[in-house]
Amino acid sequence: MQMASDSPHHPPPLAVGRMGAREGATVLFLNSHFLCSLSLHCGKGLRAPGILLCHRCPVCHPDPLEKPPLPVMGPCCGALHPLSLLVQAAMLAMALAQGTLPAFLPCELQRHGLVNCDWLFLKSVPHFSAAAPRGNITSLSLYSNRIHHLHDSDFVHLSSLRRLNLKWNCPPASLSPMHFPCHMTIEPHTFLAVPTLEELNLSYNSITTVPALPSSLVSLSLSRTNILVLDPANLAGLHSLRFLFLDGNCYYKNPCPQALQVAPGALLGLGNLTHLSLKYNNLTAVPRGLPPSLEYLLLSYNHIITLAPEDLANLTALRVLDVGGNCRRCDHARNPCMECPKGFPHLHPDTFSHLRHLEGLVLKDSSLYNLNPRWFHALGNLMVLDLSENFLYDCITKTTAFQGLAQLRRLNLSFNYHKKVSFAHLHLAPSFGSLLSLQQLDMHGIFFRSLSETTLRSLAHLPMLQSLHLQMNFINQAQLSIFGAFPGLRYVDLSDNRISGAMELAAATGEVDSGERVRLPSGDLAPDPLGTPSSEGFMPGCKTLNFTLDLSRNNLVTIQPEMFARLSRLQCLLLSRNSISQAVNGSQFMPLTSLQVLDLSHNKLDLYHGRSFTELPRLEALDLSYNSQPFSMQGVGHNLSFVAQLPALRYLSLAHNDIHSRVSQQLCSASLRALDFSGNALSRMWAEGDLYLRFFRGLRSLVQLDLSQNRLHTLLPRTLDNLPKSLRLLRLRDNYLAFFNWSSLVLLPRLEALDLAGNQLKALSNGSLPNGTQLQRLDLSSNSISFVASSFFALATRLRELNLSANALKTVEPSWFGSLAGTLKVLDVTGNPLHCACGAAFVDFLLEVQAAVPGLPSHVKCGSPGQLQGRSIFAQDLRLCLDEALSWDCFGLSLLTVALGLAVPMLHHLCGWDLWYCFHLCLAWLPRRGWRRGADALPYDAFVVFDKAQSAVADWVYNELRVRLEERRGRRALRLCLEERDWLPGKTLFENLWASVYSSRKMLFVLAHTDRVSGLLRASFLLAQQRLLEDRKDVVVLVILRPDAHRSRYVRLRQRLCRQSVLLWPHQPSGQRSFWAQLGTALTRDNQHFYNQNFCRGPTTAE
């Protein structure tokens, strides 16, 4: 059954078929491109047990960024060779008995029917196998891929799809990280084919028109696109639509030639629309004809600088209105800003008069200097009002605008400061006292230096006030006791100020700095993102406590009890990132009898006194991390005995103090349950013999202990034996442990979680996890583990979570786990360089436990071989694939055979004679070795005979003949026998002559004339004649240097019978090249080939 179109922009389709009656056996037959993967092993076949998955050959589709396509449906192309069918049948028989691949490769099925395909660089919508439960998919996320074309058939097989996320697939060029141009094409029936679709996100895609959409749609996001026109036809028929987001289609990051144009009445047909967002679109007026059903209207950061009652006349159901950022104050802007024109914004007094159901109003960043009470006269139901980033620094001291807002719960007045000015005092207007329902007041960034009772006098009788934000105001004197008069106050934030101690009496009564203003430096006054989470997972938060005071990031140097007068009900005090350097002695926090959480991290506390913090009888959590300066002082001791005197203490952090010596030898506490001792120097402490061996033993109720970053190289059994037996969690992250004695875990009988991440373990081979251990979670990530012994985890029967990510594992063997594998809930093997060779056994195992392996389809990747590095382990069939080397060898052999079978007959038919001629011509230039089989033992190619008395002849032999034949012929050089060079001293003349004649394949006679021959020449010639008679070999070659000399009858007869063996030295230099070629042929070939067959056959071998 064909399920996908075969358009040129769509990936090559595959076909699906059932194999007989065997249930669950599905075969995906491939198109003609993939045929090479079986016969030539060109492609990387994907295989699943019960499913033979195939995808496109990378030779045909060489895009290096393209992920292996999913098995998609389609017709089967190309005929299969019978041998290929047999191979496929064998593969299928092997696969039927095995588990099933993840159903939605390369995506991951998550809870509640969500298929996650984010960040997979897909170029097309995956078409999942028919064997996958496609009907169960209710949500499909394709966020941040490279899908530029959506086809009509892309989602037709997802019958239950309700939510579809296509965000950031083809972003506009200005929003793309590399500013690449892109255009998304959506075919007309792409979404109409999904009648169940309710939520669609097309944000951050380069589309210019609204595509055709199903009437079932409830939520639609078209933000950061290129849609600049909305008319009634665009959204016709969407009667169920309730949420419409069209943000950022025309602003500085997504520039456009014109502002977004919303035709009058374009949205009027959306009768159920309740949420409309048109932020960042350069709108200059509220669109006309908005549906009266709207409850949320967001128009912020446009250019709407005038609002009149008719702009919002029919929106009587409106509950939230955001018109902030339309007329900005640019001195506080963090992005490109257009200064508000002088005299604007213009808000008519009755602009909001008919919005009687309004609950939230945002007027932030609107350059407001005053508040007109008539704006809020009809807003009796208003609960949230945002007036931040305006110029209301004077208005809030005398306004009457808040008198009718009895239901207001949250009021934001932050960053209403005067440019470059800090006020000495701030007195809120009496109208704040009418906000009887106010729960949260945000006043940070107004810049006043003194906080006294008169500052918040208008708020003193607000019964519902719970949260007060006063951070970043440059407050240097604060009367903290005033918060004791607020019985319902739960949270006060005074962080990022300049408070240095208790407020002086004069400052408290307001007798100094009356009305004085101090100029501030210009610049961005937004707070920096300070604060590193300390003791994460150990220290409890303060959200559930009744009263929290945050004084972090101030200028406190000492703590005085007077600071906390009348704050006995305070339960959480945050003093981190100050400069507190005093020695606490048990008197600093005496008024805080109810304090439960105290954060003193990032200070310089001196823990010298044994009664530190003992004035806090209810203290449960104490954070003393990052107080390293006193501990780094040489020769100064530190007393930690105060821990034993805090009866309610349950959480203690001493992290990152570099504690290494001169501290109490033992920590004692009967109540402490969690201790963070990370970032210290236990390696030095435990190196001092037994001095600190029992440092933690006195913590009898300790459950959690963090010893991370303590520079530990070893952890001896006796060290573990002196840890509290009550431990359930032990962290040893980021140390230098290269060895761990696993059998010593029996010394911690209640241990349930062990964290060894970030160490230097290279193998898990020394024993195994002990039998009977209670270990449930084991984290071994970010080590260098490349080997795990068989049955290493098998005895840890309670183990449920195992993290082996970011190691050097090349395989994952089932033998490591034994029967434990089936009970694992989490097995993380991501970030390992798995070796994806043919027949890799780890694929079968991971498929068996796939429910426990996070990120299995896309995040478990190959590390080798090179062509699969960084790709999913399912990018190739690892058990049923053919051996690659053998496949390439077979491919080369078959290709060569076919090429020769076609080429040889054709060339023989077309140019056989020419090929024969060229063959023999080349053969003549190659050294001949076949005729030498019987003479391989002869050391010389030729014995050169000449008359030494003739100096011209001798000179020609040594300087011309020898050089040409021995030095200039390269690999075809000949070995000559010369009398003066090669004859052995001590032998007679005749012995050397005899040896030279019978040790050479040829005898070369160099003659100046042929009429008078005597002496050595004559004797040599006679021996050559004797060799001819005995061996039937004619070895004579004559070179005559004077062709014009008289020639004897023998020479003339030899020229007639064997012409090539008589050579004449040419007079002209142009003929010498031919002479040397002829001489080389004469010396390397048998003279029998040179005889003239018309006169003689040459010497014959005796029978």
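Rules of the game
- Residues numbered from 1 in each chain as written.
- Predicted model: local features only at pLDDT ≥ 70, side-chain atom pairs only at ≥ 80, totals over all residues.
- Heavy atoms only, no water.
- Helix = DSSP H or I, 4+ residues; strand = E, 2+ residues; numbered from the N terminus.
- Buried < 20%, exposed > 50% of the residue type's maximum accessible area, 1.4 Å probe, protein only.
- Contact = heavy atoms within 4.5 Å.
- Areas by Shrake-Rupley, 256 points an atom, 1.4 Å probe, with all protein chains shown as cover.
- Phe/Tyr/Trp six-rings, centres within 6.5 Å; stacked < 30°, edge-to-face > 60°.
- Lys NZ or Arg CZ within 6 Å of the ring centre and 35° of its normal.
- pLDDT = per-residue confidence, 0-100.
- Disulfide = S-S within 2.5 Å.
- Salt bridge = Lys/Arg side-chain N within 4 Å of Asp/Glu carboxyl O.
- Patch = residues over 30% accessible without salt bridge, like charges linked within 9 Å, V, L, I, M, F, W, Y side chains within 5 Å.
- Pairing = 2+ DSSP bridges.
- Axes fitted to C-alpha atoms, helices over the stretch in contact; angles between N-to-C directions.

1. Description of the overall build of the protein
- Along the backbone of the protein there are 15 helices and 53 strands.
- Looking at the 1103 residues of the protein, the share that counts as buried comes to 50%.
- Pairs at least 24 apart in sequence give 68% of the contacts found in the protein among residues at least 6 apart.
- Here the protein displays about 49,900 Å² of accessible surface, and carbon together with sulfur accounts for 54% of that area.

2. Quick look at the packing of aromatic side chains
- With the rule as written, the count across this model stands at 42 aromatic pairs.
- Aromatic ring contacts, followed pair by pair, group Phe740, Trp742, Phe792, Phe793, Trp816, Phe817 and Phe845 into a single cluster.
- Between Arg329 and the ring centre of Tyr417, over which it is positioned, the NZ or CZ distance is 4.2 Å.
- The ring of Phe547 carries the charged tip of Arg569 above its face, separated from the ring centre by 4.2 Å.

3. A word on the confidence of the model for the protein
- In this model, the protein carries a mean pLDDT of 83, and residues with pLDDT of at least 70 account for 85%.
- Segment residues 92–98: pLDDT under 50, and 16 contacts once partners within four positions in sequence are set aside and those in other chains are kept.
- A low-confidence stretch, residues 505–535 (pLDDT under 50), is modelled with 61 contacts involving residues beyond four sequence positions or located in other chains.

4. Quick notes on unusual backbone geometry
- A cis amide bond, omega 10 degrees, links Phe344 with the succeeding residue Pro345.
- Positionally, Pro345 belongs in the loop between β19 (320–322) and β20 (346–347).
- Between Ser864 and Pro865 the backbone carries a cis peptide bond, its omega angle lying at -5 degrees.
- Mapped onto the elements of the fold, Pro865 is located in the loop between β48 (862–864) and α9 (884–925).
- Located in the positive-phi region is His112, a residue other than glycine, with phi close to 60 degrees.
- Structurally, His112 can be placed in the loop between β5 (108–109) and β6 (114–116).
- Taking relative accessible area as the criterion, His112 reaches 71% and is therefore assigned exposed.

5. Here we look at the state of the cysteines
- Overall, the coordinates contain seven disulfides when judged by the stated rule.
- One disulfide bridge connects Cys107 with Cys117, the sulfur atoms lying 1.9 Å from each other. Sign of the S-S torsion, about 110 degrees for the bond between Cys107 and Cys117, identifies this disulfide as right-handed. One end of the pair, Cys107, is in the loop between α2 (82–95) and β5; the other, Cys117, is in the loop between β6 and β7 (139–141), with 10 residues separating them in the sequence. Of the two residues, Cys107 and Cys117, neither departs from the other in class, the shared state being buried.

6. Concerning the pattern of salt bridges
- Under the counting rule described, the total for this entry stands at 24 salt bridges.
- Put simply, Arg162 and Glu198 hold a salt bridge, and the shortest N to O gap is 3.1 Å. Highlighted residues: Arg162 in the loop between β8 (149–150) and β9 (163–165) and Glu198 in the loop between β10 (185–186) and β11 (199–201), separated in sequence by 36 residues.
- Under the relative-accessibility criterion, Glu198 is labelled partly exposed at 26%.
- One salt bridge in this structure joins Asp1034 and Arg1054, with 2.7 Å as the shortest N-O distance. Residue Asp1034 is found in the loop between α13 (1016–1031) and β52 (1036–1040), and its partner Arg1054 is found in helix α14 (residues 1049–1057); the two are separated by 20 residues along the sequence. Arg1054 shares its class with Asp1034; the two are buried.
- Salt bridges linked by common partners bring Glu966, Arg975, Arg981 and Asp982 together as one network.

7. Some words on the environment of Ser500
- By the element assignment, Ser500 lies in the loop between β29 (491–493) and α3 (505–508).
- Between the C-alpha atom of Ser500 and that of Ile580, which follows or precedes it by 80 residues, the distance is 9.8 Å.
- Once residues lying within four places of it in the same chain are set aside, the contact partners of Ser500 are Asn476, Asn555, Leu556 and Val557.

8. Things to note about a nonpolar patch on the surface
- There is a patch of nonpolar side chains on the surface, built from Trp913, Trp916, Tyr917, Leu921 and Trp925 and spanning about 660 Å² of accessible area.
- Counting through the fold element by element, Leu921 comes out in helix α9.

9. Section: the sheet that holds strand β50 (residues 976–977)
- Overall, parallel pairing links the five strands, which are arranged β50-β49-β51-β52-β53 in an open sheet. Among the strands making up the open sheet, the edge pair consists of β50 and β53 (1062–1064).
- Looking at chain direction, strand β49 (residues 940–945) and β50 are connected through two bridges and run parallel. In the sheet register, Ala942 faces β50, and the bridge partner there is Leu976.
- Relative to the sheet, helix α10 (residues 951–967) contacts β49, β50, β51 (1000–1007) and β52, its axis offset from that of β51 by approximately 140 degrees.
- Where helix α15 (residues 1072–1084) meets the sheet, its contacts fall on β49, β51, β52 and β53, and the angle it forms with β52 comes to roughly 160 degrees.

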